[in-house]
Amino acid sequence: MANITKQKRDQMLAFLEKLKTEHSDDESVKAFNEIESHLKDKKFGLVFEEHTEEVDELLEENIPILTADDKRRICKDSNTPWNFIIEGDNLQALYLLEKTHRGRVQCIYIDPPYNTGARDWKYNNDYVDKQDVYRHSKWLSFMQRRLAIAKRLLDPDDSVLIVTIDEKEYLHLGCLLEEMFPEANMQMISTVIKPEGTNRVNEFSRTNEYIYFLILGDAKLTPTKSSMFEIDNETSDSKPNSIEWRNLRRRENTSVRSARPNQFYPFFVNSTTGLIDSIGEAIPYDVDRNSIPVPSGCYALFPLKPNGEETLWGKHYETSRQLLKQGYLKIENGTNPKKAIIKYLPSGIVKDIESGIITITGRGSQNDVIGHYSNGGKVVMPKTIWYLPSHNSQTNGSLLLKKTIGENRFNFPKSLYAVADCLRFFVSNKPDAIIVDFFAGSGTTMHAVNLLNAEDGGHRKCILVTNNEISEAEEKAFSQQGIQKGSEEWDSRGIAKYVTWPRTVCSIEGKDIFGNEIDGKYLTSNNKTIYMKDGFVSNVKYFTCSWTPRKPEDYLLSNALCLHIKEMIELQNSIEVDGVENVLLLNKDDIKKNILDPVMYDKAKSVWLNQGIVLNSEELKLLNKKGFKYIPREFFGQELREVAE
């Protein structure tokens, strides 16, 4: 079939070539080339208008820098790697993370603004609402710029990008991700987060949202216990750790009686007890099933569809007899011929019973086995629809957050266990993984990482990035009171300082913001008992993003940047540069204090050196013994070259 658009495009390109020969002046050639470029542009995928942001304009004239907030620091064990909360615009922070973590991150989990049109996210310091005709375009431009850096952070050989979204932008997001990560194995799952649904006028009540998984390189999806991801509804008789019984009647349209003669036969069921009395032999196709003699006190149960159409049993009649004898086949609702169901155990379950993976705890009234998986559930690949009580965003999101910080400070936090499960699939076998969330919000991701480490003794590191915006309602209230943006009162109510940080502190210390022990136990994948009041062994530093001019007029850029190298080294290495064991040498005085002093020299374990320091032979010898490292050029090398330093 002809591609009409291509034919027209080829005709226009041919006409352009003719025009080029007739108009060879520079202005015409430039215009022709621009038209040709647009004609040859991509013909499938997202097309949206790019929008600049305030942070883009700031990046042109300024360099992002990090400054540690000494008032916000948690150290539970100095031998444990450090985690970080970075307050600032995430594009600003990603600029710095690319310098410290390019190609090193095993997992990025983000929950970006959903762009619902309900003034739920800011763009260029103003809320975007549904009246904005460029709403989708702005959102895509916003996401594309951040995902481009995220891709450079991920380890291309073994990592995963996880993105949550709802129905407002999931189609656009999916197309954008497919376009930006063509090498990834991309899947989208649906997860129920609010079983009771949302209140909407003249619309379906939404109960779920979506999660994209982009699997890069050799990253593997770790199977989980079946009990963790069972569909929790009334039609499933699977309970946590229980064995799965399946319906023996085949349901495919091709499973007609004539297809497999040995799989059409009667179960003779005792009408009084509702138990299987015996199993008859296969009935030839030309024999009416109603002509088969039925034992006294019994009725014949055949594989029939609800409309009475004859179909097939899933097993040969001799196999069914053997399964019944072993206790691997049973009947349910046997006293009601219209509701009676024959169930059996599939071969995989039988194999697990015989190998001892499943523990048999008893027998039912038909000699049917009763048992459970001894290790907490059968190991299976998770399905694409999740319906778990633990993923309820109200009970394990909002209420759990309220339990730690005492009041409703953040709308719609994720369930702690939903985030933990997403991460677990890809970092359960990576105890030292680096996990980044640059849309951190309430801080659920770090809470989940700490929980995973507590479950299995891992030392995974987490980096959260969040801004310090306040809600629209608070903005209006502050403005009416004359409280200005940038004031201490305004700043103290921002997300980073008012929600993310206190939630992190409370969960690690095991106490709420009032100092009371947090009551309850965490749900764990390995049935390990972890009390909330015990907190976590976790260290966290709090950094804020700010700016320094790219071309200062009255001082050297290198001197200004040296003041913020410490934070970059800490972030890159998940450590604290304490000046004792981890030492930063910026000048000769630092060398004198930490290297030439024998007491301090013995304590030093890791040393970073300013490349501009001229060393004598004694200093170089001592530094070599410590295996010193130069401050990485990638931190600010390009910026210094731009000003010829």
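Keep in mind it's a predicted model, so treat the numbers as computed, not measured. (Residues numbered from 1 in each chain as written. Predicted model: local features only at pLDDT ≥ 70, side-chain atom pairs only at ≥ 80, totals over all residues. Heavy atoms only, no water.)

Chemist: Can you explain the overall build of the protein chain? Please cite residues and give values.
Modeler: Within the protein chain one finds 20 helices and 25 strands. Over its C-alpha atoms the protein chain spans a radius of gyration of 32 Å, topping by over 25% the 26 Å that the globule rule assigns to 645 residues. Referenced to the eigenvectors of the C-alpha coordinate spread, the extents of the protein chain come out at roughly 105 × 80 × 60 Å. Residues classed as buried in the protein chain amount to 49% of the 645 residues present. Considering only contacts in the protein chain between residues 6 or more positions apart, those separated by 24 or more positions represent 73%. Of the roughly 32900 Å² of accessible surface on the protein chain, 49% is carried by carbon and sulfur atoms. Here the protein chain carries 83 positive and 93 negative side-chain charges, and the mean point of each set is 6 Å from the other. (Helix = DSSP H or I, 4+ residues; strand = E, 2+ residues; numbered from the N terminus. Rg over C-alpha atoms; globule rule 2.2 N^0.38 Å. Buried < 20%, exposed > 50% of the residue type's maximum accessible area, 1.4 Å probe, protein only. Contact = heavy atoms within 4.5 Å. Areas by Shrake-Rupley, 256 points an atom, 1.4 Å probe, with all protein chains shown as cover. Lys, Arg positive; Asp, Glu negative; His and termini not counted. Charge placed at Lys NZ, Arg CZ, Asp CG, Glu CD.)

Chemist: Describe in detail the pattern of salt bridges, supporting the description with residues and values.
Modeler: The full count for this structure, using the stated rule, is 32 salt bridges. Note that Glu17 and Lys20 form a salt bridge whose closest N and O atoms lie 3.4 Å from each other. Of this pair, Glu17 and Lys20 both sit in helix 1 (residues 4-22), three residues apart, roughly one helical turn. With a closest N to O distance of 2.5 Å, Lys497 and Glu87 form a salt bridge. Placement of the pair is Lys497 in helix 14 (residues 495-509) and Glu87 in strand 2 (residues 82-87), with a sequence separation of 410 residues. Both residues of the pair, Lys497 and Glu87, count as buried. Sharing partners across several salt bridges, the network here consists of Glu53, Asp56, Asp89, Arg145 and Arg146. (Salt bridge = Lys/Arg side-chain N within 4 Å of Asp/Glu carboxyl O.)

Chemist: Now, about a negative patch on the surface: what can you tell me, with residues and values included?
Modeler: Among the surface-exposed residues, Glu54, Glu57, Glu60 and Glu61 lie close enough to one another that they form a single negatively charged patch. As for its placement among the helices and strands, Glu61 is situated in helix 3 (residues 54-61). Here Glu61 falls in the exposed class, since its relative accessible area comes to 56%. (Patch = residues over 30% accessible without salt bridge, like charges linked within 9 Å, V, L, I, M, F, W, Y side chains within 5 Å.)

Chemist: Explain the packing of helix 4 (residues 90-101) against helix 5 (residues 135-153) to me, using residue names and the numbers behind them.
Modeler: Helix-helix packing is characterised by the crossing angle of the two axes and by the distance between the axes. Between helix 4 and helix 5, whose axes approach to 9 Å, the crossing angle comes to 15°. Between helix 4 and helix 5, the crossing angle belongs to the class labelled roughly parallel. Where helix 4 crosses over helix 5, the handedness of that crossing is left-handed. The residues of helix 5 that touch helix 4, namely those facing Asn90, Leu91, Leu94, Tyr95, Leu97, Glu98 and His101, are Arg145, Arg146, Ile149, Arg152 and Leu153. Considered class by class, the residues forming the contact of helix 4 with helix 5 number six nonpolar, two polar and four charged. (Axes fitted to C-alpha atoms, helices over the stretch in contact; angles between N-to-C directions. Parallel < 35°, antiparallel > 145°, perpendicular 65-115°, else oblique. Left-handed = near helix turned anticlockwise from the far one by under 90°. Nonpolar A, V, L, I, M, F, W, Y, C, P; charged D, E, K, R; others polar.)

Chemist: Before we move on, could you go through the sheet that holds strand 10 (residues 246-247) and cite the residues and values that matter?
Modeler: Read from one edge to the other, the open sheet built from three strands follows the order 10-15-14, with strand pairing classed as antiparallel. One side of each edge strand has no neighbouring strand; the edge strands of this open sheet are strand 10 and strand 14 (329-332). Bridge analysis of strand 14 against strand 15 (residues 341-344) gives four bridges, and the strand direction is antiparallel. In the sheet register, Glu332 faces strand 15, and the bridge partner there is Ile341. (Pairing = 2+ DSSP bridges.)

Chemist: So what about the sheet that holds strand 25 (residues 629-630)? Which residues, and what values?
Modeler: Each strand in a sheet pairs with another by means of backbone hydrogen bonds, the pair being arranged parallel or else antiparallel. In space, the three strands of this open sheet follow the order 23-24-25, with parallel pairing throughout. Each edge of the open sheet carries a strand with a single partner, namely strand 23 (582-585) and strand 25. Across two bridges, the pairing between strand 24 (residues 606-609) and strand 25 is parallel. What sits directly across from Trp608, in strand 25, is Lys629.

Chemist: Can you lay out the side chain of Asn83 for me, pointing to particular residues and giving the numbers?
Modeler: Within the secondary structure, Asn83 sits in strand 2. In contact with Asn83, other than residues within four places in its own chain, are Met446, Asn450, Arg460, Lys461, Cys462, Ser538, Asn539, Val540 and Lys541.

Chemist: Describe the confidence of the model for the protein chain, naming the residues involved and giving the relevant values.
Modeler: Averaged over all residues, the pLDDT of the protein chain equals 88, while 92% of them reach at least 70. pLDDT under 50 marks residues 227-240. Its contacts with residues more than four places away, or in other chains, come to 26 contacts. (pLDDT = per-residue confidence, 0-100.)

Chemist: Before we move on, could you go through the environment of Ala31 and cite the residues and values that matter?
Modeler: Mapped onto the fold, Ala31 is located in helix 2 (residues 26-39). Assessed through its relative accessible area of 35%, Ala31 is described here as partly exposed. When the C-alpha positions of Ala31 and Glu244 are compared, they lie 68 Å apart, and in sequence the two are 213 residues distant.

Chemist: Tell me about the environment of Phe267, residues and numbers included.
Modeler: Looking at where Phe267 falls in the secondary structure, it is placed in strand 11 (residues 267-270). According to the relative accessible area criterion, Phe267 is buried, its value standing at 0%. Sequence separation between Phe267 and Lys414 is 147 residues; the distance between their C-alpha atoms is 50 Å. Excluding its chain neighbours within four sequence positions, the residues that come into contact with Phe267 are Leu248, Ile276, Ser278, Ile279, Tyr299, Ala300, Leu301, Trp313, Ser320, Leu329 and Ile342.

Chemist: Run through the packing of aromatic side chains, naming residues and quoting values.
Modeler: Applying the stated criterion across every chain, the model contains 16 aromatic pairs. Centroid distance Phe142 to Phe439: 5.9 Å. Interplanar angle 50°. Geometry classified as tilted. Pair noted here: Phe142 is in helix 5 and Phe439 is in the loop between strand 20 (434-437) and helix 11 (444-456), with a separation of 297 residues, a long-range link. You'll find Phe142 and Phe439 in the same group, each marked buried. Here the guanidinium or amino end of Lys151 rests over the ring plane of Phe181, the centre of that ring lying 5.3 Å away. (Phe/Tyr/Trp six-rings, centres within 6.5 Å; stacked < 30°, edge-to-face > 60°. Lys NZ or Arg CZ within 6 Å of the ring centre and 35° of its normal.)

Chemist: Which residues make up the side chain of Asn594, and what are the values?
Modeler: Topologically, Asn594 is positioned in helix 17 (residues 588-594). Judged by relative accessible area, which is 5%, Asn594 ranks as buried. Residue contacts for Asn594: discarding those within four places in its chain leaves Gly579, Val583, Leu585, Met600 and Tyr601.

Chemist: Mind laying out the pairing of strand 3 (residues 107-110), listing which residues take part and the relevant values?
Modeler: Of the two faces of strand 3, the one carrying Cys107 and Tyr109 and the one carrying Ile108 and Ile110 are both buried. Inspection of the sheet shows strand 3 paired to strand 20 by two bridges, in the parallel sense. Looking across to strand 20, one finds that Ile108 is bridged to Val436.

Chemist: Lay out the nonpolar core with the relevant residues and their values.
Modeler: Membership of the largest hydrophobic core comes to 63 residues, with the highest contact counts inside it found for Ile86, Ile108, Met143, Leu161, Phe181, Phe438 and Ile569. Considering every element that reaches this core, the biggest residue donor is helix 5, with eight residues. Non-local contacts of Ile569, meaning those with residues more than four positions away in its chain, are made with Ile575, Val577, Leu584, Trp608, Ile631 and Phe635. Listed in part, the 44 residues of the second largest apolar core include Leu423, Ile435, Cys462 and Phe536. (Core = buried A, V, L, I, M, F, W, Y, C linked by side-chain atoms within 4.5 Å.)

Chemist: Tell me what's going on with the environment of Leu16, and back it up with residues and numbers.
Modeler: Within the secondary structure, Leu16 is located in helix 1. Residues Leu16 and Phe181 lie 165 residues apart in sequence; the distance between their C-alpha atoms is 34 Å.

Chemist: Describe the packing of helix 10 (residues 416-427) against helix 11, with residues and values.
Modeler: In contact at an axis separation of 9 Å, helix 10 and helix 11 are set at 60° when each is read in the N-to-C sense. The orientation of helix 10 with respect to helix 11, classified from their angle, is oblique. Here the hand of the crossing between helix 10 and helix 11 comes out right-handed. Between helix 10, through Leu416, Tyr417, Val419, Ala420, Leu423, Arg424 and Val427, and helix 11, the contact on the second element is made entirely by Thr444, Thr445, His447, Ala448, Val449, Leu451, Leu452 and Glu455.

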